[in-house]
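Observations on the model geometry
Residue-level listing of the chains:
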Amino acid sequence: MTASRSKAFWGLALVAGLMTAPVSLAQTSSGPTPLWPQGPTTSPTVAPPAGTDTAAPGPTPLGAYTPPPPRASSFEVKTLAAVTPDGGGLLDAGQGGLGQALWADSPRGLVDRALASLPQSSPSPAVRALLGRVLMSSGTAPQGAKDARNFLGARLERLALLGDGKNADAMATLPTALDDAGGAEAWARLSLLTGDGAACDQMADLQKRFNDGEIQMLGVVCQVRGGATDNIMFSLDIMREQGVKDDGFSRLAEVAAGGQKGALKGFTAVSAEAVALARAMGRGLPAEVPAAQILALNPAAAAAVADLPDTPAALKLAAGDRAASFGTLPPAALAPLYKAAKVSPNDLKNAVGVAEKRQGADQRAILYQALIGETIPSLKGAILAKAVDVSDPALLAGAWGDLLAQELEGLAPGPALKDLAPAATRLALLRNRRDLAQPWFELARQSAQDAPKDGKVEGKPLQAYLRLVPLAVLGGLLPSDGANWAQWLDAVKADADAPSRLRAASILALLTAAGEKVDPLLLARTAPVVEAPGVIPDAASWLRLDQSTTVPRRGEVAVLALAELADAGPATTTPTVTAHALSALTAVGLKDDARRLALEAVAVLAGP
């Protein structure tokens, strides 16, 4: 056998080991061990049409990890009786809470510092979901000094900053929740931004107990909501005496006090309080407000701007896109904003090409308009694949991904759409839609199996399938036990160069941290000589998280792990730190959360 024919033979053997159906494996005992048990031997079936109930998942391979039901970043729960006045919450252990002992023996000072170090919100749905559960869990509060903040109020403040209005309202009804100034103010601000106005029923009492400028500002919003504008100027004077300076808010308040009609003019600085006041007035923002001001708003305020009447479409688009990225705007409210964006007919005709040159909301608006306007499945598939490939995993797991998944449900997996299969699988897994991912994953696998010809095994379908393998394991499409990661490393050419080695090493480390069984020798094989650059937490915090897992202190571990993931979550945190955080969560029984976080991180490393 010549050298070239020998190379071709072993290339085909590798593909056979990766993807040959079980019946053919039974015919030969000399072939390589299959990477995973194979899927159906027939072509993928046609997906149900849009609108059909697809809740029932497909068959699960033997021994596969089954992910939990989809968990949104917000929870709809009922109020529970408080365990202690400041340890009360909305979730007990049976509802997804972390258990009554989640703060057992945790120093209150450490917990307070960890909560304070967390970002106000996160673009990661997995981060928001876990943090929401921690904040709403009912349990014994950590012990602190007599002058420590009310713990329920401190958690209410963090929950309100996430923009979860419904559950913040429920949390505010618990005993002592509004005894904390920070918690009361954050909840009242969110209540007025969402438009429910529940805070106005409590405002008079809050102003008496917390005589500060922020509460006075929110009181002005309630005055406008109630039509009592006579005392607005007096309230503005009190604000100034207390050192509060917000020119945009003051300008709006003066307009409300004077009963001025017509379009708002004369201000460019916009705060969350100013947005709440504009909402109470039923007025839109002027066109001269810079988009940068909108992008600096907190997610709840951005969602409110997207809902304001008579506001320029460009500002509403920027606001809605930001709010959706942080989980405060639902898909049904996001879609009209993308539809209303100005897109030229020429851009729509070449949406895939134009998207390469655009970014952010403009890029997504072009792709969405082209997607919903296309009726030819093959062209629709190309647009959808581009939309997935250019989007961050956190976006795909949020409202933007939901809009794309709705379009995907109307397409039937089949040979004509094989190029869409990798992107469709990735999207569905990040949406925690195993039922939707299964047929597309099988199509990607079949395409990779059919692609090699004349001994050429380095084709695009094979590489696309291999990038899906770690995601498929985390998402429950492939078994957790018995995975031949050594063969996967060979297939992805992990030893080709330093970047390939580092990428493979990071993926295996994240899988291990999330509870996947990986031979330690494989981690040693892929260990890079030089560590990837990145921000590493201080030694004390790193060590404390390790120590917290041995008790275990589930609440403490959760907040310390989330603090390690920084502002942008697992998608952009260095894999070294992400793996450390996931390992700690897995160690205290939060494996489902660790796997969802790992999925976002691995999706970045694996690439589109």
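Source: prediction; values computed, not measured.

Observations regarding the overall build of the chain
A tally of helices and strands in the chain yields 32 helices and zero strands. The 608 residues of the chain split such that 53% are buried. Nonlocal contacts in the chain, meaning residues at least 24 apart in sequence, comprise 70% of its contacts between residues at least 6 apart. Surface summary for the chain: the accessible area is close to 25,800 Å², and the carbon and sulfur share equals 55%.

Some remarks on the nonpolar core
Core analysis: the largest hydrophobic core is formed by 181 residues, its most contacted members being Leu420 and Trp440. Considering every element that reaches this core, the biggest residue donor is helix H25 (residues 460-475), with nine residues. Those residues in contact with tryptophan 440 that sit more than four places away from it in its chain are Leu408, Leu411, Ala412, Pro413, Leu417, Leu420, Ala421, Ala424 and Thr425.

Digging into the pattern of salt bridges
Taken as a whole and judged by the stated rule, the model has 26 salt bridges. Notably, a salt bridge pairs arginine 445 with glutamate 442, separated by 2.8 Å at the nearest N-O pair. Separated by three residues within a single helix, arginine 445 and glutamate 442 lie in helix H24 (residues 434-450), roughly one turn from each other. Comparing arginine 445 with glutamate 442 shows no difference in burial state: the two are buried.

Concerning the packing of aromatic side chains
In this description, a pair of aromatic rings is defined by centroid distance and the angle of the planes. A full pass over the atoms with the stated rule returns six aromatic pairs. Ring centres of tyrosine 368 and tryptophan 400 lie 6.5 Å apart, and the angle between their planes is 65 degrees; on these two criteria the pair is classed as edge-to-face. Taken together, the residues tyrosine 368 in helix H19 (residues 360-373) and tryptophan 400 in helix H22 (residues 399-408) connect sequence positions 32 residues apart. The pair tyrosine 368 / tryptophan 400 is uniform in exposure class, with both members buried. Within the aromatic cluster, the residues linked to one another by ring pairs are Tyr338, Tyr368 and Trp400.

As for the packing of helix H31 (residues 575-587) against helix H32 (residues 591-606)
It is at 8 Å that the axes of H31 and H32 come closest, and there the two elements cross at 160 degrees. As judged from the angle between their axes, H31 and H32 are roughly antiparallel. Of the two possible hands of crossing, H31 and H32 adopt the one that is left-handed. Residues Pro575, Thr578, Leu582, Leu585 and Thr586 of H31 form the contact with H32, whose own contacting residues are Lys591, Ala594, Leu597, Ala598, Ala601 and Leu605. Residues that form the contact of H31 with H32 fall into these classes: eight nonpolar, two polar and one charged.

Overview of unusual backbone geometry
The amide bond that connects valine 551 to the next residue, proline 552, takes the cis arrangement and shows omega of -10 degrees. Examined against the element boundaries, proline 552 turns out to sit in the loop between helix H29 (539-548) and helix H30 (554-564). Positive phi, normally seen in glycine, also occurs at aspartate 310, with a value near 55 degrees. Following the sequence through the fold, aspartate 310 ends up in the loop between helix H14 (299-306) and helix H15 (313-325). Within the chain, lysine 493 stands out as a residue other than glycine whose phi angle is a positive 55 degrees. Turning to its location among the elements, lysine 493 is positioned in the loop between helix H26 (485-491) and helix H27 (498-513).

Digging into the environment of glycine 373
Structurally, the position occupied by glycine 373 is in helix H19. On a C-alpha basis, the gap between glycine 373 and leucine 348 in space is 9.0 Å, while along the polypeptide they are 25 residues apart.

Brief notes about H30
Burial analysis of H30 places nine of its eleven residues in the buried class, which makes it a mostly covered element. Within the sequence span of H30, burial applies to Gly555, Glu556, Val557, Ala558, Val559, Leu560, Ala561, Leu562 and Glu564. Packed against the buried residues of H30 are helix H3 (108-117), helix H4 (125-136), H29 and H31. In the stretch just after H30, alanine 566 is the one whose phi turns positive, near 60 degrees.

Section: the side chain of threonine 526
Examined against the element boundaries, threonine 526 turns out to sit in helix H28 (residues 520-526). In this structure threonine 526 comes out as buried when scored by relative accessible area, which is 1%. Every residue in contact with threonine 526, bar those within four places of it in the chain, is listed here: Leu489, Arg501, Ala505 and Leu508.

So, the environment of glycine 243
Residue position: glycine 243 is located in the loop between helix H10 (232-241) and helix H11 (247-258). Since its relative accessible area comes to 61%, glycine 243 is described here as exposed. Distance in space between the C-alpha atoms of glycine 243 and glycine 213 is 7.2 Å, their sequence separation being 30 residues.

Cut-offs and rules
Sequence order as written defines the numbering, with residues in each chain counted from 1. Local features are withheld for residues below a pLDDT of 70 in this predicted model, meaning they are given only at 70 or higher, and side-chain atom pairs are given and counted only at 80 or more; totals for whole chains, interfaces and linings count all residues. Side-chain metrics rest on all non-hydrogen atoms present in the structure, leaving aside hydrogens and water. Comment: elements are numbered from the N terminus, with helices defined as DSSP H or I runs of at least four residues and strands as E runs of at least two. Only protein chains enter the accessibility calculation, which uses a 1.4 Å probe. A residue is then buried if its area is under 20% of the maximum for its type, exposed if over 50%, and partly exposed in between. In this description, contact between two residues means that some pair of their heavy atoms is separated by no more than 4.5 Å. A 1.4 Å probe and the Shrake-Rupley method give the accessible areas. Residues count as covered only by the protein chains that appear here. Side-chain atoms within 4.5 Å are what join buried Ala, Val, Leu, Ile, Met, Phe, Trp, Tyr and Cys residues into a set we call a nonpolar core. Any carboxyl oxygen of Asp or Glu within 4 Å of a side-chain nitrogen of Lys or Arg constitutes a salt bridge here. Pairing of aromatic side chains here covers Phe, Tyr and the six-membered ring of Trp, requires ring centres within 6.5 Å, and sorts the geometry by plane angle: under 30 degrees stacked, over 60 edge-to-face, intermediate tilted. Comment: axis = line fitted to C-alpha atoms, over the contacting stretch for helices; angle = value between 0 and 180 degrees taken between N-to-C directions. Reported orientations rely on four angle classes, namely roughly parallel under 35 degrees, roughly antiparallel over 145, roughly perpendicular from 65 to 115, and oblique for the rest. By convention, the crossing between two helices is left-handed when the near helix turns anticlockwise from the far helix through less than a right angle, and right-handed when the turn is clockwise. For this classification, the nonpolar set comprises Ala, Val, Leu, Ile, Met, Phe, Trp, Tyr, Cys and Pro, the charged set comprises Asp, Glu, Lys and Arg, and every other residue, Gly included, is treated as polar.

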